[in-house]
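A look at the structure
Chain residues, written in single-letter form:
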Amino acid sequence: MKLGLYMATQWRQGADLGPELKNLIEQVRVARASGLASLMVGQHFVSSPLQMFQAMPLLARLASEAEGMRLGPGLLLLPLLNPVVVAEETATLDWLTGGNAIIGLGLGYRQEEFDSIGIPFKERVPRFVEGVEVIKKLWRDDVVEHRGRFHTLTKVQASIRPKQPGGPPIWMAGDVEAAVRRAGKLADAWIPSPMVSEENVGRLGALFRETRKAAGLAPATEFPIIRECHVGSMDEVREPLGFKYEAYAAWSGESGFVPKDGIRADFDKFARNRFIIGSESQVVDQIGRYGERTGTDHILLRVQWPGLDQKTAVRTLERLGRVVEKLC
C-alpha cells in the first residue's frame, strides 16, 4: 500500500494567502520525510466561497521539494482547457520531476465554471474524450494529424514530449458508472473522489476492471483513491471539514455529483463511510480495510481543509510517517 498527499490548496474568502505557499512547501517536505510516495493537487475556477491556487504553476514550484515523489494534478478539468497546452505543460512537469509525473483528468460538474470560460456544459463529455485523444497523440506521435469536432492539428509536432515513453500515467476521475466505464477504456487508472463511499469504491473499481477486460486492455497496474484523513479525533476537524463539504453541497446545483442531502442530514455518518479519521492504530486498520475490501493500493490523503491550522496538518503528516512504517 502506498500513501500520498492530496494537498489542500483552498482557503476561505478573506484569508491572507501571503504565508500559505511557505506552509505548502513545509507540508511537502514533511510528507516526503514521512515516506509518502506521491503528491497531487486539485483544480477549480471561480471557486467562491473558497480561494484556490491553480494546479500547474503550484506543482512546478513544489517539484524540487517533492524530489522522488510522484507528482501531478488531480484533477485538471480537461473540457475547460486546451489539450495542446495540457499535453505540453504535463510533458514539462514530467521532465521537472525526473519522469515521475502523473496526470489526473476530470469532466467538471459546476455550471459556473463552464459559463465563465465560455464552454457549453453539454459539450463536456465529447470535449473530454477528444482532448484525451489529442494529448496521447502529442505524447506519442512524431507528427500529429488530428481532425476532430473541437480541435484540428495538421502535421505538427509537440514542442516537448514527456520523459516517460508514451507519457505519464493518466488517472481519470468520475464517481458514476458511465464515467468509470469511460475511464476503463481511456485511462491507466480510475481515481474516485472522497465522496464515493467505501462500498462504492469497491463496486465501481470492479466495474473499471471489467470494462478494461472487455475492451481487450491489459489489467491496470494500480488503483488510487482520494480520502480525507486526520490522525486524531473527529472533534478536532469537524468544523473545517464541514465547511468544505457544505461549500461542495452549495456548488453541486443539479449535477448530482455531490450527495448534498447526505452531507446535510448527518455529516458524521457521511464521513464514517468515506473518510479515514482516528488514532494512529485506527488509521492503520482503516487503510488496511480499504485495501482488503476495495483492492486499492494507493491512497492519497488530504489532511487540511479551509480553516484548519498549519500545525495540526503538519502533525497529521508526521503521524502518517509512523502509519507508513506500520503498513510496511
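Above this text is the structure in question.
Residues numbered from 1 in each chain as written. Predicted model: local features only at pLDDT ≥ 70, side-chain atom pairs only at ≥ 80, totals over all residues. Heavy atoms only, no water.

1. Details of the overall build of the protein chain
Cut-off, in case you're wondering: To qualify as a helix, a DSSP run of H or I must reach at least 4 residues; to qualify as a strand, a run of E must reach at least 2; elements of each kind are numbered from the N terminus. Radius of gyration: over C-alpha atoms. The globule rule applied is 2.2 Å multiplied by the number of residues raised to the 0.38 power. Here's how the labels work: a residue is buried when its accessible area is under 20% of the maximum for its type, exposed when over 50%, partly exposed in between, all with a 1.4 Å probe on protein chains only. Residues count as neighbours in contact if any of their non-hydrogen atoms are within 4.5 Å of one another. Methods summary: accessible areas were calculated by the Shrake-Rupley approach with a probe of 1.4 Å, and residue burial reflects only the protein chains presented.
Assigned secondary structure in the protein chain consists of twelve helices and 14 strands. Against the 2.2 N^0.38 benchmark of 20 Å for 328 residues, the protein chain shows a C-alpha radius of gyration of 19 Å, consistent with a compact globule. The 328 residues of the protein chain split such that 56% are buried. Taking the contacts inside the protein chain whose residues are at least 6 apart along the sequence as the reference set, 72% of them involve residues at least 24 apart. In the form shown here, the protein chain has an accessible surface area of approximately 14000 Å², with 50% of it arising from carbon and sulfur atoms.

2. Looking at the sheet that holds strand 13 (residues 276-278)
What counts here: Whether two strands pair depends on DSSP finding at least two bridges between them. Between N-to-C directions, angles span 0 to 180 degrees; the directions come from axes that are lines fitted to C-alpha atoms, helices contributing only their stretch in contact.
If you trace the six strands from one edge of the open sheet to the other, you get 5-3-1-14-12-13, paired in parallel fashion. Among the strands making up the open sheet, the edge pair consists of strand 5 (70-73) and strand 13. The sheet shows a mean angle of 25° between the axes of neighbouring strands, direction not considered. Strand contacts of helix 12 (residues 310-327): strand 1 (2-7), strand 12 (224-231) and strand 14 (298-302), with the helix running at about 115° to strand 12, the strand carrying the most contacts.

3. Here we look at the packing of helix 1 (residues 20-33) against helix 12
Applied cut-off: Each angle is binned into one of four classes, with values under 35 degrees roughly parallel, values over 145 roughly antiparallel, values of 65 to 115 roughly perpendicular, and all other values oblique. Should the near helix be turned anticlockwise from the far one by less than a right angle, the crossing is termed left-handed; should it be turned clockwise, right-handed.
It is the contact of helix 1 with helix 12, at a shortest axis distance of 9 Å, that shows an interaxial angle of 15°. Looking at the two axes, helix 1 sits roughly parallel to helix 12. Between helix 1 and helix 12 the crossing geometry is right-handed. Only Gln310, Ala313, Val314, Leu317 and Glu318 of helix 12 make contact with helix 1, whose side of the interface consists of Asn23, Glu26, Gln27, Val30 and Ala31.

4. Some words on the pattern of salt bridges
Just so we agree on the cut-off: Salt bridges are defined by distance alone: a side-chain nitrogen of Lys or Arg within 4 Å of a carboxyl oxygen of Asp or Glu.
What the rule picks out here adds up to 18 salt bridges. Linked through salt bridges whose partners overlap, the residues forming this network are Arg29, Arg61 and Glu65.

5. Here we look at the pairing of strand 14
Two faces make up the sheet, and in a regular strand the side chains alternate between them. By the criterion of burial, strand 14 is predominantly enclosed, with five of the five residues buried. Burial along strand 14 is two-sided: the face carrying His298, Leu300 and Arg302 and the face carrying Ile299 and Leu301 are both buried. With four bridges connecting them, strand 1 and strand 14 associate as parallel partners. Looking across to strand 14, one finds that glycine 4 is bridged to leucine 300.

6. Focus: the packing of helix 1 against helix 2 (residues 55-62)
Two elements in contact, helix 1 and helix 2, have axes whose closest approach is 11 Å; the angle formed by their N-to-C orientations is 55°. Our classification of the angle between helix 1 and helix 2 gives oblique. The two elements helix 1 and helix 2 meet at a crossing, and its hand is right-handed. Touching Leu21, Leu24, Ile25 and Val28 of helix 1 are Leu58, Arg61 and Leu62, all from helix 2.

7. Brief notes about the side chain of arginine 182
Definition in use: The sign given to each residue is positive for Lys and Arg and negative for Asp and Glu; His and the chain ends receive no count.
Mapped onto the elements of the fold, arginine 182 is located in helix 6 (residues 177-186). Of the side chains with opposite charge, aspartate 175 lies nearest to the buried arginine 182, which makes no salt bridge, at 11 Å. Dropping the residues within four chain positions of it, arginine 182 is found in contact with Leu107, Val125, Phe128, Val129 and Met172.

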